[in-house]
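# Structural characterization, general
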Amino acid sequence: MSVKFFVGLHQPNHAEHFDQACISIRRLWNRKKPIDCGAVLVDSGAFTEINLYGGFRTSVDDYARELLRLHEASIINIQAAVAQDYMCEPFMLSKTGLTIDDHQRLTVERYDDLASRNLPFPILPVLQGFAPEDYVRHIQAYGDRLTPGMWVGVGSVCKRNGSPQQVAQVLRAIKRERPDILIHGFGIKQTSLLDHGVRELLHSADSMAWSFAARRQGRDANSWKEAKSFSDRVGEAGALPIRHLEIFAAMGVPA
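The text that follows walks through the structure, step by step, so that each part is easy to find. This one's a predicted model, so the numbers in the text were calculated from it and none came from an experiment.

## Topic: the overall build of the protein
Within the protein, the regular secondary structure consists of 12 helices and 9 strands. Taken over C-alpha atoms, the radius of gyration comes to 17 Å for the protein, in line with the 18 Å a tight globule of 255 residues would show. Its C-alpha atoms put the protein at 45 × 45 × 35 Å along the principal axes. Out of the 255 residues belonging to the protein, those deemed buried represent 53%.

Given below as structure tokens:
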């Protein structure tokens, strides 16, 4: 089963080696040189900002203006821009001193603000929560903003990639509530990308797990070749029989 994969990259110029990539706006800010990549998913840099500062220093207005500049100057081909969401893991809640409900409300507010700018490319809304039922409540909070068949991101699952079953539980709860939406998984690691129960629920995903693995194993964590090897493995996994995926996932080795 094929999952549309946007490889996460530290260096924007490395995107020329890929058809699809996910790049943070923090790495693209004020860039003048065009990037030769078929489609770029622009990440809002939300995790970094909240982790470092306990909130956003980049306003929705500034984010929208920079996105529009990148588009109008043909610096990148924006597949979609991710709305500025608030993660809901306990350690992120401790950064803001707020609750899951607060983070979900603020996520919708920032989505509304960005979506109201009528930018010439899609804005990717993000579902946030921690327990599966949290995500269902967030779907309900979005209401008819989530149009039929919409491409929607799911956040706060990357820290649970060691347990694909937990990731799948969240995704299944979302699909039960809204079977029509196309789910994008943020920061999905190899263990979950190889898991049949996760893959069958995903439309797309992004990941920089290749960088962490390379650094841990003493290789270059900035190498586009490491990213390419990882991306190829993800693509090849889509062609494997389900039984093979289950075996590789259980072994914790590359497919």
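## Focus on the nonpolar core
Counting 57 residues, the largest nonpolar core has V42, L67, I76, L127, V154 and I174 as the members making the most contacts within it. Residue contacts for I174: discarding those within four places in its chain leaves L127, Y135, I139, V154, I181 and I183. Core analysis: the second largest hydrophobic core is formed by 9 residues, F6, C22, A80 and V126 among them.

## Let's talk about the sheet that holds strand β8 (residues 182-185)
Spatially, β5-β4-β3-β2-β1-β9-β8-β7-β6 is the arrangement adopted by the 9 strands of the open sheet, whose pairing is parallel. Each having just a single partner strand, β5 (123-124) and β6 (126-127) make up the two edges of the open sheet.

## Points about the packing of aromatic side chains
If you walk through the whole model with that rule in mind, you get 5 aromatic pairs. A centroid spacing of 6.2 Å and a plane angle of 65° characterise the contact between F47 and F91, whose relative ring orientation is edge-to-face. In this pair, F47 sits in helix α2 (residues 46-53) while F91 sits in helix α4 (residues 90-96), placing the two residues 44 residues apart along the sequence. Relative to Y86, the ring of F56 lies with its centre 5.1 Å away and its plane at 75°, an arrangement referred to as edge-to-face. Residue F56 is located in the loop between α2 and α3 (60-72), and its partner Y86 is located in the loop between β4 (78-82) and α4; the two are separated by 30 residues in the primary sequence.

## A few points about the side chain of H138
Turning to its location among the elements, H138 is positioned in helix α6 (residues 132-142). On the basis of relative accessibility, which here comes to 0%, the residue H138 falls in the buried class. Apart from residues lying up to four places away in sequence, H138 is in contact with Q104, T107, V108, V126, L127 and Q128.

## Quick look at unusual backbone geometry
The backbone of N30 shows a phi angle near 70°, a positive value even though the residue is not glycine. Here N30 is to be found in the loop between α1 (25-28) and β3 (39-43). Residue classification places N30 among the partly exposed positions, given a relative accessible area of 48%. Here the phi dihedral of S156 falls at roughly 60°; this positive angle occurs in a residue that is not glycine. Following the sequence through the fold, S156 ends up in the loop between β7 (151-154) and α7 (164-177). For S156, a relative accessible area of 7% translates into the label buried.

## Some details on the pattern of salt bridges
Scanning all chains against the criterion turns up 12 salt bridges. Between D61 and R65 there is a salt bridge, with the nearest N and O atoms lying 2.8 Å from each other. Separated by 4 residues within a single helix, D61 and R65 lie in helix α3, roughly one turn from each other. Between D180 and R178 there is a salt bridge, with its nearest N and O atoms 2.8 Å apart.

## Regarding helix α5 (residues 100-115)
Look at α5: 22 Å from first C-alpha to last across 16 residues, which is about the 22 Å you get at 1.5 Å a residue. Listed as buried for α5 are I100, H103, Q104, L106, T107, V108, R110, Y111 and L114.

## Points about the pairing of β7
Of the two faces of β7, the one lined by W151 and G153 and the one lined by V152 and V154 are each fully buried. Pairing analysis gives 2 bridges linking β6 to β7, with the strands arranged parallel. Considered in β7, the bridge of L127 is made with V154. Pairing geometry for β7 and β8, over 4 bridges, is parallel. Within β8, the residue paired with W151 across the bridge is L182.

## Description of the environment of A227
With respect to the element layout, A227 can be found in helix α11 (residues 224-237). Expressed as a C-alpha distance, the spacing of A227 and H17, which sit 210 residues apart in the sequence, is 9.7 Å. Once you skip the residues sitting within four places of it in the chain, A227 turns out to touch V7, L9, F18 and W210.

Rules used in this analysis
- Residues numbered from 1 in each chain as written.
- Predicted model: local features only at pLDDT ≥ 70, side-chain atom pairs only at ≥ 80, totals over all residues.
- Heavy atoms only, no water.
- Helix = DSSP H or I, 4+ residues; strand = E, 2+ residues; numbered from the N terminus.
- Rg over C-alpha atoms; globule rule 2.2 N^0.38 Å.
- Buried < 20%, exposed > 50% of the residue type's maximum accessible area, 1.4 Å probe, protein only.
- Core = buried A, V, L, I, M, F, W, Y, C linked by side-chain atoms within 4.5 Å.
- Contact = heavy atoms within 4.5 Å.
- Pairing = 2+ DSSP bridges.
- Phe/Tyr/Trp six-rings, centres within 6.5 Å; stacked < 30°, edge-to-face > 60°.
- Salt bridge = Lys/Arg side-chain N within 4 Å of Asp/Glu carboxyl O.
- Expected span 1.5 Å × (residues − 1).

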